[in-house]
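Commentary on secondary and tertiary structure
Next come the chains, spelled out residue by residue.
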Amino acid sequence: MKPMSGCALIGAARALSGIRDAVVLQHSVVGCHWGSLAESMLQQPDNFRQASTIVYEENVIRGGVELISQGLSNIVELYPHVNAIFVISGCIPNMIGDDVESAIARWQEENPGRCVFYISAPGYAGHEGDGIDRALMALLPLMENRAKELNKKTTNSDNTKEDSVMFASVPENLTPRLPCGEETATLPKVNLLGLTASDPYSINDLKYLRQIFAGRLEIVCALQQCSVEEISRMGQVDLNIVFGRGRKLAEQMQKQFDVPYICCDYPYGIQGMIHFLEQMETILAVDFSDIKKQITVRADILVKNSAMYLTTLYQLTAALVGDSAHLSGMQRFLQDELGMEVMIEMDVDIEDQNRLEKELENSRAVLLMGSSYQAELADRLSQPLVRYIYPVVDEVCLTEQPIIGEEGTAYLIQQIVNASMRIRYKTDGVFHELRKMTSNS
Amino acid sequence: MNEFYTDMMLLGMKPFAFLHRVGVNGKQSGSLAAIHEIPNAVTVMYGPRGCGFHYRNTVRVRSGPVANLECAGLADQDVIFGGEKKLRTVLQEIDREKHPEMIFILPTVVSDVINDDIYGIAQEMQPDIRAKLVVIRSQVFSHMDKSNSRKNLKELAQHNCRQKFSGADYRGCGYVEVMNALVEQVMEPQEKDPLAINVETFIWGYGGTKKLERMKALLARMGIRVNAFLPAAGLDQIRQAPKAALNLVRRKKWAQDMEERFGTPFLHIAVMSQWHGLEGLRELYETIGKKLGVLPQTQAILDAEEKRIRPKLAEARVRFAGRRFCVITNSFSNLPDVIRCYQHDLGIPLCHILLIRNPNFRRDFAVDDTMMEQLYQRIRGAMDLYGCNAELTVDPEADELEKVVADSEFLICGGNPRYACYGKPIIPGFLDRNVFDYDSYAEVVADHAAWLDKAGMPSHLLLNRMEYDPVFYPLRCDDENTLASKELYSRMWRLRKR
């Protein structure tokens, strides 16, 4: 197999990489630490908050739990502003049976007041999506603590469910450090689930959404860029917006905190964004009519600017590779707004690149939408590739360019057109292949 | 396209220098770097899907992720019951569908722990598989010998500044593990060609291909043939590698193995800068000539080459004379070589040397007082030996640094651009421009002389708007989290060295 996405450990590390005041400690070998950083660092290059316990051969024999306390102690010394530490264990500690939970608990006894969470994510136990789910579920104790605090205030009783079997305990003293009072604001509140800091453009998209939502909706927590305090307030929102990933967490939050959720396509395109805003209008009784109007007006300008290309993009045959956060939204955009024929559609967590190669070679698809990991294939087939999902390791975005909504629509069209124009195609002559055949004979 | 500058550009665009401050890659990365050089080869990563995924992006390739990496995709069941079935299936599929000449089976930490008999499986399957199966054997777990850097520094400290470094056997380095596998499983006994050598194609610096092409041309004039570039060779060439009478290598562990198995001696270029300049070139080729029994022919060519380029070198020396150069470096161990290369080989008069140390140098490399004194002694020895009258300043305060810079006309400060803020012309890092033929050397010298003509310094450099860390470039001084991650990694890594 040639996997198009990583393992559970990589997924867990990605899911947590956007929490600005948290540090990830990978209890695993050096390669996992390096690999997960290498795939994602271009999206957030100036803020590393991850380390490894560097599991080595002696730990296979003697166990490696002592590394946990050493790692944790170093973290609290070196990151004075850290509000949460996430310990993710990889393949080897799980194979040798390191009791990481107990090690964390012992350390917490000696270091009260520290917030440490444990995620078991051996690489052999699932794909990236599984790891993202595991990591997101590990955030629940933070929300529970907040809920307890609020309940104490209102009912003076604590009826919050205590079921965090796989989680280390959350010290009660976390909540006093959190500012209170935001719950009284009047705007409907939402969380955004499913995106990570390592998803290309995700941080820019969040800025864009905040602008659109301003004065109408409050984004309490968006996991691609948030704080521990924001996570703790996730249970006090009106709606969880789930972009593909994070459904398990949303379901659990519905049970525990009565927060409803909605699964949405990532709002690529003009209509994608308008539809998304309409969903918010329906559920949260907010009014985005002026924003929708603005988007429509700007869409008209965009259409004029790209008129000569839209005709070519219409009925263009494409292959689409994506993860569950992005795939359906992009498919809808390509088909519904650009009129493309999506001939191949593959979920990176489920499908295999070898299958993609086979299908692509036998298909009519001439445009490839995916990640840097399809670059060699695209080169080989002389196909334009637009990188829109993780991992993007051969392209950077240094501007605030979003990829959703009307601005993103213009950008996506531009990317598709430019990628196509840059293909070096038939450079040796239009009938070069025929020439070769004659000389061979 | 100029290969040196193209390599510099493309590798500079990769984030790996940055990443190396906060971690190291697993040894599979080195293995893939070696296999990537071999045409028509496929690698099967015998591990979970994550290894097969992220390692595509962590090898030392100039372009994007590697393509020919397959993965067994070991899952829960395989960890418990063994992954043999999956391995057999994937090998058969690759052989049938991709028709490679060689299939490398690369173990991971998971397969090393479950300890499947990969070699036995490969041997059993080989008769039915068209491709040559090569099993990489782990020499250590996860990453190469973790005490290696300390051992190397210790050995280096004990050398005087003229001695060639010969340590660095890199036990467990993934790259070397592949080379060992080629020696043990692919190479076959051959009748020796007394005038043929193999040249290892690994870390010759930017522009490595051009360097080796020109080396090959120069060797040809001496009557010496390159039998194979290793591992950048096809199956047949690798099989016939033992034809060579000498290996010219950058990593000696596999060469020792080849010497033992096939009687092929080797010449180890452990530190390229120790073979720099006219003296370095002469020593390199004379050693090769001597080992192959063609010293007189070799010397005749070297004499002619030196005579041909000396006027060009003299011209540059005249231009350097009387100017004031300041070297800024973080490296204790390299500094003697730096002094020799600039002062002695190039004729660049150094008036100042600023040594800005890693504040944790002694801690990180377990340097005791004796070793520290040895390292200083090497530096002082090099200054005496090469007639360097520079003032050596260690860890200067800001005002001291400014004074030194003010007293200098040109700064030579490697890759760290933080010193551009002083408005003095910066001469780019030089040591990586080690070349192995005379025309290239003359070009390098001329390039340096040309920097003297550069008019003025840019006065609105964007990079001057931030401060890069003086030691841990390219980290920035104001990036607290990343600096903390760097320190955390360093502490955890040291725990492994007990």
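Residues numbered from 1 in each chain as written. Chains lettered and ligands numbered in written order. Predicted model: local features only at pLDDT ≥ 70, side-chain atom pairs only at ≥ 80, totals over all residues.

Here's the deal with the overall build of chain B
- Each helix and strand in chain B was counted, giving 21 helices and 13 strands.
- In terms of principal-axis extent, the alpha carbons of chain B reach across some 70 × 60 × 45 Å.
- Expressed as a percentage of its 498 residues, the buried residues of chain B come to 45%.
- Nonlocal contacts in chain B, meaning residues at least 24 apart in sequence, comprise 75% of its contacts between residues at least 6 apart. (Helix = DSSP H or I, 4+ residues; strand = E, 2+ residues; numbered from the N terminus. Buried ≥ 20, exposed ≤ 12 C-beta atoms within 10 Å, placed from the backbone. Contact = placed C-beta atoms within 7 Å.)

Some thoughts on the overall build of chain A
- Within chain A one finds 19 helices and 12 strands.
- For chain A, whose C-alpha radius of gyration is 24 Å, the value lies close to the compact-globule estimate of 22 Å for 441 residues.
- Along the three orthogonal principal directions, the C-alpha set of chain A runs to about 80 × 60 × 30 Å.
- Going through the 441 residues of chain A one by one, you find that 54% of them count as buried.
- Restricting to contacts in chain A with at least 6 residues of sequence separation, those with at least 24 account for 72%. (Rg over C-alpha atoms; globule rule 2.2 N^0.38 Å.)

Topic: the interface of chain B and chain A
- Across the contact, 51 residues belong to chain B and 53 residues belong to chain A.
- Contributions of two or more residues to the side of chain B that touches chain A are made by α2 (16-22), α4 (49-54), β2 (69-71), α5 (76-81), α7 (109-114) and α21 (480-495) of chain B.
- The element contributing the most residues to the side of chain B that touches chain A is α21 of chain B, with 11 residues.
- Residue composition of the side of chain B that touches chain A, grouped by class: 26 nonpolar, 16 polar and nine charged. (Nonpolar A, V, L, I, M, F, W, Y, C, P; charged D, E, K, R; others polar.)

Brief notes about the domain arrangement of chain B
Residues and elements named next belong to chain B.
- Here chain B is partitioned into domain 1 (25-142), domain 2 (159-270) and domain 3 (310-465).
- A separation of 24 Å is found between the C-alpha centroids of domain 1 and domain 2.
- Domain 1 puts 22 residues into the contact, and the matching count from domain 2 is 17 residues.
- Listed by contribution, the elements that provide at least two residues to the side of domain 1 that touches domain 2 are α3 (27-35) and β4 (132-135).
- Residue classes in the side of domain 1 that touches domain 2 are distributed as 10 nonpolar, seven polar and five charged. (Domains from an automatic or database assignment.)

Let's talk about the sheet that holds strand β10 (residues 341-347) of chain A
Residues and elements named next belong to chain A.
- Pairing within the open sheet is parallel, and its four strands lie in the order β10-β9-β11-β12. Only two strands of the sheet have a single neighbouring strand rather than two, namely β10 and β12 (385-387). Strand-to-strand twist of the sheet, defined as the mean angle between neighbouring strand axes without regard to direction, takes the value 15 degrees.
- Bridging between strand β9 (residues 317-322) and strand β11 (residues 367-370) involves three bridges; their strand directions are parallel. (Pairing = 2+ DSSP bridges. Axes fitted to C-alpha atoms, helices over the stretch in contact; angles between N-to-C directions.)

Some thoughts on the nonpolar core
- Counting 267 residues, the largest nonpolar core has Ala12, Ile85, Phe86 and Val87 of chain A together with Val44, Ile103 and Ile105 of chain B as its most contacted members.
- The contact partners of isoleucine 103 of chain B, leaving out residues within four places of it in the chain, are Val42, Val44, Leu91, Ile94, Asp95, Ala131 and Leu133 of chain B. (Core = buried A, V, L, I, M, F, W, Y, C linked by C-beta atoms within 7 Å.)

Section: the domain arrangement of chain A
Residues and elements named next belong to chain A.
- Once the domains are mapped, chain A shows domain 1 (8-137) and domain 2 (296-421).
- Placing the centre of domain 1 and that of domain 2 at their C-alpha centroids yields a distance of 34 Å.
- Listed per partner, the contact involves six residues of domain 1 and eight residues of domain 2.
- Sorting the residues of the side of domain 1 that touches domain 2 by element identifies α2 (30-40) and α7 (128-137) as the ones contributing at least two each.
- Classifying every residue of the side of domain 1 that touches domain 2 by side-chain character gives one nonpolar, three polar and two charged.

Section: the environment of glutamate 409 of chain B
Residues and elements named next belong to chain B.
- Locating glutamate 409 in the fold gives a position in the loop between α19 (398-406) and β12 (410-412).
- On the basis of neighbour counts, which here come to 13 C-beta atoms within 10 Å, the residue glutamate 409 falls in the partly exposed class.
- Each C-alpha atom of the pair glutamate 409 and phenylalanine 472 lies 25 Å from the other, and the pair is 63 residues apart in sequence.
- In this view, glutamate 409 contacts Arg323 and Arg324; residues no more than four positions away in its chain are not counted.

A look at the sheet that holds strand β7 (residues 239-242) of chain A
Residue and element names in this part refer to chain A.
- Here four strands make up an open sheet; going across it, the order is β6-β5-β7-β8 and the pairing parallel. Where the open sheet ends on each side, the last strands, each with one partner, are β6 (218-222) and β8 (261-263). Averaged over all pairs of adjacent strands, the angle between their axes in this sheet comes to 25 degrees, without regard to strand direction.
- Sheet topology note: the β7/β8 ladder contains three bridges and is parallel. Following the sheet pairing, valine 242 is matched in β8 by cysteine 263.
- Running at roughly 165 degrees to β7, helix α11 (residues 247-257) makes contact with β5 (189-193), β7 and β8 of the sheet.

Some remarks on unusual backbone geometry
Residues and elements named next belong to chain B.
- Between leucine 230 and the following residue, proline 231, the backbone shows a cis peptide bond with an omega angle of 10 degrees.
- Topologically, proline 231 is positioned in the loop between β6 (225-230) and α12 (235-239).
- Backbone torsion omega between tyrosine 473 and proline 474 reads 10 degrees, so that peptide bond is classified as cis.
- As for its placement among the helices and strands, proline 474 is situated in the loop between α20 (438-450) and α21.

Structural notes on the environment of tyrosine 390 of chain A
Residue and element names in this part refer to chain A.
- Here tyrosine 390 shows up in the loop between β12 and α18 (405-421).
- Since 30 C-beta atoms lie within 10 Å of it, tyrosine 390 is described here as buried.
- Taking the C-alpha atoms as reference, tyrosine 390 lies 7.8 Å from serine 372; in sequence the two are 18 residues apart.
- In contact with tyrosine 390, other than residues within four places in its own chain, are Ser40, Ser198, Asp199, Pro200 and Ser371.

Details of helix α13 (residues 252-262) of chain B
Residues and elements named next belong to chain B.
- Regarding α13, the residues found buried are Lys252, Lys253, Trp254, Ala255 and Met258.
- Each element contacted by the buried residues of α13 is listed here: α10 (174-186), β7 (244-249) and β8 (266-268).
- Trailing α13 by a residue or two, glycine 263 shows a phi angle of about 70 degrees, which is positive.

A look at the confidence of the model for chain A
- Looking at chain A, the pLDDT average stands at 90 and 92% of residues meet or exceed 70.
- Low pLDDT, under 50, characterises residues 157-184 of chain A; the predicted model gives this stretch 43 contacts beyond four residues in sequence or across chains. (pLDDT = per-residue confidence, 0-100.)

Brief notes about α11 of chain A
All names here are of chain A.
- Buried within α11 are the following residues: Leu249, Ala250 and Met253. What you see down the axis of α11 is that its buried residues fit within an arc of 100 degrees, all on one side.
- As for α11, its buried residues are in contact with α7, β5, β7 and β8.
- Just beyond α11, the residue with positive phi is aspartate 258, at close to 60 degrees. (Arc of directions from axis to C-beta.)

Describing the confidence of the model for chain B
- Mean pLDDT over chain B works out to 91, with 97% of the residues at or above the 70 mark.
- Interface confidence for the predicted complex, given as ipTM, is 0.86, next to a pTM of 0.89.

Observations regarding the pairing of β9 of chain A
All names here are of chain A.
- Counting buried positions along β9 gives five out of six residues, so the element sits mostly inside the fold.
- The pairing of β9 with β10 spans six bridges and is classified as parallel. Within the sheet, the bridge partner assigned to threonine 317 lies in β10 and is glutamate 341.
- As a crossover connection, the stretch from β9 through helix α15 (residues 327-337) into β10 is right-handed. (Right-handed = clockwise from strand over helix to strand, strands pointing away.)

Details of the packing of helix α12 (residues 270-284) of chain A against α15 of chain A
All names here are of chain A.
- Axis separation between α12 and α15 bottoms out at 9 Å; the angle between their running directions is 120 degrees. Looking at the two axes, α12 sits oblique to α15. Residues Ile270, Gln271 and Gly272 of α12 lie in contact with α15, whose contacting residues are Gly329, Arg332, Phe333, Asp336 and Glu337.
- When the residues that make up the contact of α12 with α15 are grouped by side-chain class, the tally is two nonpolar, three polar and three charged. (Parallel < 35°, antiparallel > 145°, perpendicular 65-115°, else oblique.)

Thoughts on the packing of helix α13 (residues 289-305) of chain A against α18 of chain A
Residues and elements named next belong to chain A.
- One way to put it is that α13 packs onto α18 with a least axis distance of 9 Å and a crossing angle of 15 degrees. Compared by their axis directions, α13 and α18 come out roughly parallel. The way α13 lies across α18 gives a crossing that is right-handed. Residues Ile295, Arg298, Ala299 and Leu302 of α13 lie in contact with α18, whose contacting residues are Gly405, Glu406, Thr409 and Ala410.
- The residue makeup of the contact of α13 with α18, split by class, is four nonpolar, two polar and two charged. (Left-handed = near helix turned anticlockwise from the far one by under 90°.)

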